[in-house]
Amino acid sequence: MATILFSLSTIFFFFFFTLAQGLHNPNPNPNPNPNQGSNLQLIHANSPISPFRRNAPPLSWEDSVLQMQSADQARLQFLSSLVVGAAARTIVPIASGRAVTQNPTYIVRAKIGTPAQTLLMAVDTSNDAAWVPCSGCVGCSSAAAFDPSKSATFKPVACGASQCSQVPNPSCGGTTCGFNLTYGGSAISATLVQDNITLATDSIAAYTFGCIQKATGSSLPAQGLLGLGRGPSSLLSQTSSLYQSIFSYCLPGYKSLNFTGSLRLGPVSQPKKIRTTQLLKNPRRSSFYYVNLVGIRVGRRVVTIPPSAFAFDPASGAGTVFDSGTVFSVLVKPAYTAVRDEVRRQMGTAVVSTLGGFDTCYTVPITVPTITFMFPGLNMSIPQDNFLIRSSAGTTSCLAMAAAPDAGVNSVLNVIASFQQQNHRILIDLPNSKLGVAREACS
């Protein structure tokens, strides 16, 4: 995507998926079946029952907010560098000198190999390729790693295989395909391999992914990544006969005690009545879910924003995307300024303060009831819990959005982020090129 200001990354909104339910299909080449699907539960990584919080000291509200903002800056920079100048799935950035902390937002419990080895893999809707740390990896931070020698179904991908051309920076040392990529402030070298992977109760034979041999930096998801983008190496493409390139997810509410949501794979159990808008294709950024944002309403007032702030342009990367890895939504400068100013206008004479990158904070109750993102065929109206971040004591509330930078490729991209998506079912239907949104209590 274009260069972006605030990263869509973890820190505070890290989730992992636990196994729930789904259809088991032992056939490695299943026929399309409209009744097939899979349903996985989501748990907030900062939940008391999350394994990522064991023995970890609690963060203050202010520290949590500032960490989220820092993570968003790196995430958006990462997304922009994936695609500048070429197709997103093949061009990756060279790591910059500055430290970047960047991680995807959600983690799925995946079982890999025969017998199965369980890893908590990050799920990223703006990436395609999957990769995991393998035993013997130099520089990998996680004690949990996949051991190929213990799997009877493991095999490397040969250099001449079609999959080798679908990964970033492919290389052939000998007969086995390898690839290199950068991710935030980290870099990996991996061998392209295949093995069985199980999500919920669905076993997918010969899934293609990267087996990391060497890693540098601290930005990598510790136990690997599973790409949910639109490209040929993504989960949707590799399982199109099983899940028919349809999935949805619902993120748990910010205040939920258990922070439990779900990821649904396949057409089964998807909402029957859901408003949708058209997905747009960007050939140079083929992994991303672009939509046509046409307006924003603050309370009952439609804000005056120039159409150029929302215009879709594949050449520059301009437009609007949904991304599950972003924490706080980013709007291009004219759009953000108009929304912020309208919030302030409706707050009257209340004193405005700042917190980190948030420039609209109050210590009195916010009177704006909703903010609505307007798309053709769909209005996504979000309540205060989705656009205000509040202190634990409830004494301070900030507008949980940010402005894109003034110049550069980052300046033209709007991102609808996970904080704004919480307690909504987001449906991706690639065969019909539709993105749907419906309110749902995910907790």
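Counting of residues starts from 1 at the beginning of each chain's written sequence and follows it residue by residue. In keeping with the model being predicted, local features are shown solely for residues with a pLDDT of at least 70 and side-chain atom pairs are shown and tallied solely at 80 or more, while totals for entire chains, interfaces and linings include all residues. No hydrogens and no water enter the side-chain calculation; it runs on all heavy atoms of the structure.

### Remarks on the nonpolar core
The test is simple: For this analysis, a nonpolar core means a set of buried residues of the types Ala, Val, Leu, Ile, Met, Phe, Trp, Tyr and Cys, connected via side-chain atoms within 4.5 Å. Only protein chains enter the area calculation, which uses a 1.4 Å probe; residues under 20% of their type maximum are buried, those over 50% are exposed, and those in between are partly exposed. Numbered from the N terminus, helices here are DSSP runs of H or I no shorter than four residues, and strands are runs of E no shorter than two. Contacts were defined at the residue level, with two residues in contact if any of their heavy atoms lie within 4.5 Å.
Met-121, Leu-226, Phe-247, Ile-296, Ile-305, Phe-322 and Phe-373 are the most contacted members of the largest nonpolar core, which has 67 residues in total. The biggest single contributor to this core is helix H4 (residues 333-346), with five residues. Contacts of Ile-305, omitting those with residues within four sequence positions, involve Ile-296, Phe-310, Ala-335, Ala-338 and Val-339. Grouped together as the second largest cluster of nonpolar side chains are 17 residues, Ala-129, Cys-177, Tyr-183 and Ala-190 included.

### Some thoughts on the pattern of salt bridges
The line we're drawing: Salt bridges are defined as contacts in which a side-chain nitrogen from Lys or Arg sits within 4 Å of a carboxyl oxygen from Asp or Glu.
Under the counting rule described, the total for this entry stands at eight salt bridges. A salt bridge links Asp-341 to Arg-340; the shortest N-O distance between them is 3.0 Å. For Arg-425, the salt bridge identified is with Glu-440, shortest N-O distance 2.9 Å. You can see Arg-425 sitting in strand E28 (residues 424-429) and its partner Glu-440 sitting in the segment after strand E29 (434-439), a full 15 residues away along the chain. Three or more residues joined by partner-sharing salt bridges are found here, namely Arg-264, Arg-425 and Glu-440.

### Considering the packing of aromatic side chains
Defined as follows: Pairing of aromatic side chains here covers Phe, Tyr and the six-membered ring of Trp, requires ring centres within 6.5 Å, and sorts the geometry by plane angle: under 30 degrees stacked, over 60 edge-to-face, intermediate tilted.
Evaluation of the coordinates by the stated rule reveals nine aromatic pairs. Where Phe-322 meets Phe-375, the ring centres are 5.9 Å apart and the plane angle is 45°; that geometry is what we call tilted. Taken together, the residues Phe-322 in strand E18 (residues 319-322) and Phe-375 in strand E22 (residues 370-375) connect sequence positions 53 residues apart. Across the pair, exposure class does not vary: Phe-322 and Phe-375 are buried alike. One aromatic cluster in this structure is built from Phe-146, Phe-154 and Phe-209.

### A closer look at the state of the cysteines
Short version of the rule: Cysteine sulfur pairs qualify as disulfides if the two atoms are within 2.5 Å.
Applying the stated criterion across every chain yields a total of five disulfides. A disulfide bridge connects Cys-159 with Cys-172, and the sulfur atoms are separated by 2.1 Å. One quick way to see it: the torsion about the S-S bond of Cys-159 and Cys-172 is about -140°, and its sign makes the bridge left-handed. Here Cys-172 lies in strand E7 (residues 170-173) and Cys-159 lies in the loop between strand E6 (155-156) and E7, a separation of 13 residues in the sequence.

### Some words on unusual backbone geometry
The phi angle of most residues is negative, glycine excepted, and most peptide bonds adopt the trans form. Of note, the bond from Thr-114 into Pro-115 is cis; its omega dihedral lies within 30 degrees of zero at -5°. Even without being a glycine, Gln-244 presents a positive backbone phi close to 55°. Take Gln-244: it is sitting in the loop between helix H3 (240-243) and strand E12 (246-250). Looking at Gln-244, the relative accessible area reads 23%, which means it is partly exposed.

### Looking at the sheet that holds strand E24 (residues 388-390)
Note the threshold: Here, any two strands with at least 2 DSSP bridges between them count as paired. To get an axis, a line is fitted to the C-alpha atoms, and for a helix only the part in contact is used. The angle between two axes follows their N-to-C directions and goes from 0 to 180 degrees.
Read across the sheet, four strands follow the order E20-E21-E25-E24 without closing on themselves; strand pairing throughout is antiparallel. A single partner strand is all that each edge strand has here, and the edge strands are strand E20 (353-355) and E24. Within this sheet the neighbouring strands show an average axis-to-axis angle of 40°, counted without direction. Contacting strand E21 (358-362) and strand E25 (397-399), H4 crosses the sheet at an angle of about 15° to E21.

### Notes on the pairing of E21
Across the five residues that make up E21, a large majority, five, are buried. Sheet topology places E20 next to E21; two bridges connect them, and they run antiparallel. Opposite Leu-355, over in E21, you have Phe-358 as the bridge partner. Counted along the chain from E20 to the antiparallel partner E21, the turn is two residues long, and its residue Gly-356 has a positive phi close to 55°.

### Brief notes about the environment of Asn-292
Tracing the backbone through its elements, the reader meets Asn-292 in the loop between strand E15 (289-291) and strand E16 (295-298). Other than its neighbours up to four places away in sequence, Asn-292 contacts Gln-278, Leu-280, Phe-310, Met-374, Phe-375 and Pro-376.

### A closer look at the confidence of the model for the chain
Applicable threshold: Along the chain, pLDDT gives the predictor's confidence residue by residue, from 0 to 100.
Overall, the predicted model of the chain reaches an average pLDDT of 80, with 74% of residues at or above 70. Here residues 1-32 is modelled with pLDDT under 50, and outside its nearest four sequence neighbours on either side it reaches 180 contacts, counting other chains as well. In this model, residues 83-102 is a region of pLDDT below 50 whose contacts with residues beyond four sequence positions or in other chains number 69 contacts.

### Some remarks on the sheet that holds strand E23 (residues 378-383)
Taken together, the four strands give an open sheet; going across it, the order is E17-E16-E22-E23, and neighbouring strands pair in antiparallel fashion. At either end of the open sheet lies a strand with only one pairing partner, and these are strand E17 (301-302) and E23. Pairing of E22 with E23 involves six bridges; the strand directions are antiparallel. In the sheet register, Thr-370 faces E23, and the bridge partner there is Pro-383. Lying on the sheet, H4 is in contact with E16, E17 and E22; it crosses E16 at an angle near 15°.

### Focus: the pairing of strand E13 (residues 260-265)
Taken across its six residues, E13 has six buried, putting it largely inside the fold. Residue alternation in E13 divides its side chains into two sets, Thr-260, Ser-262 and Arg-264 and Gly-261, Leu-263 and Leu-265, and both sets are buried. Taken together, the four bridges between E12 and E13 define a ladder with antiparallel strand orientation. Looking across to E13, one finds that Tyr-249 is bridged to Leu-263.

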